[in-house]
Amino acid sequence: MGEFRLGDLVRMKDDSWWRNKNASRWTNFTADDSLVLVTKLDHANRSGFFYGRVCSTGEERLWTTGEFELVSKRP
């Protein structure tokens, strides 16, 4: 499970549930939508969830850390 910090840039893994066309009937994210900026962490980032904003659309939601990989750490 990844540990992210506020301001990190993360990417949905290729095998992520969010990228699986058959997984969600509401939203499917393409490779173009896979970059997410970490905007808020919960309980010292120990529960495996974080809030992040999809860079291509600005949509913000709660995500699971296991579905993501770190692209760039906050400076």
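Quick look at the structure, then.

## What about the sheet that holds strand β4 (residues 60-64)?
(1) Moving on: Pairing is antiparallel in the open sheet, where five strands are placed in the order β4-β3-β2-β1-β5. Both edges of this open sheet fall to β4 and β5 (68-72), since each of them pairs with a single strand only. Each neighbouring strand pair of the sheet contributes to a mean axis angle of 45°, computed without reference to strand direction.
(2) Moving on: In terms of strand pairing, strand β3 (residues 49-54) meets β4 through five bridges, oriented antiparallel. Opposite R53, over in β4, you have E60 as the bridge partner.

## A closer look at the nonpolar core
Note on soluble globular proteins: their nonpolar side chains tend to be buried together.
(1) Moving on: Listed in full, the 11 residues of the largest apolar core are F4, V10, M12, W18, F29, V36, V38, F50, V54, W63 and F68.
(2) Moving on: Elements with a contribution of two residues or more to this core: β1 (9-12), β2 (35-41) and β3.
(3) Moving on: With residues near it in sequence (within four places) discarded, V38 still touches F4, R5, L6, G7, D8, V10, F50, Y51 and G52.

## Some points on the packing of aromatic side chains
(1) Moving on: Going through the model one piece at a time under the given rule, you end up with three aromatic pairs.
(2) Moving on: Between F50 and F68 the ring centres are 5.2 Å apart and the planes differ by 80°, which places this aromatic pair in the edge-to-face class. On the criterion of sequence distance, the pair formed by F50 in strand β3 and F68 in strand β5 is long-range, its members being 18 residues apart. We note that F50, like F68, is buried.
(3) Moving on: The ring of W63 carries the charged tip of R61 above its face, separated from the ring centre by 5.4 Å.

Thresholds applied
- Residues numbered from 1 in each chain as written.
- Predicted model: local features only at pLDDT ≥ 70, side-chain atom pairs only at ≥ 80, totals over all residues.
- Heavy atoms only, no water.
- Pairing = 2+ DSSP bridges.
- Helix = DSSP H or I, 4+ residues; strand = E, 2+ residues; numbered from the N terminus.
- Axes fitted to C-alpha atoms, helices over the stretch in contact; angles between N-to-C directions.
- Core = buried A, V, L, I, M, F, W, Y, C linked by side-chain atoms within 4.5 Å.
- Buried < 20%, exposed > 50% of the residue type's maximum accessible area, 1.4 Å probe, protein only.
- Contact = heavy atoms within 4.5 Å.
- Phe/Tyr/Trp six-rings, centres within 6.5 Å; stacked < 30°, edge-to-face > 60°.
- Lys NZ or Arg CZ within 6 Å of the ring centre and 35° of its normal.

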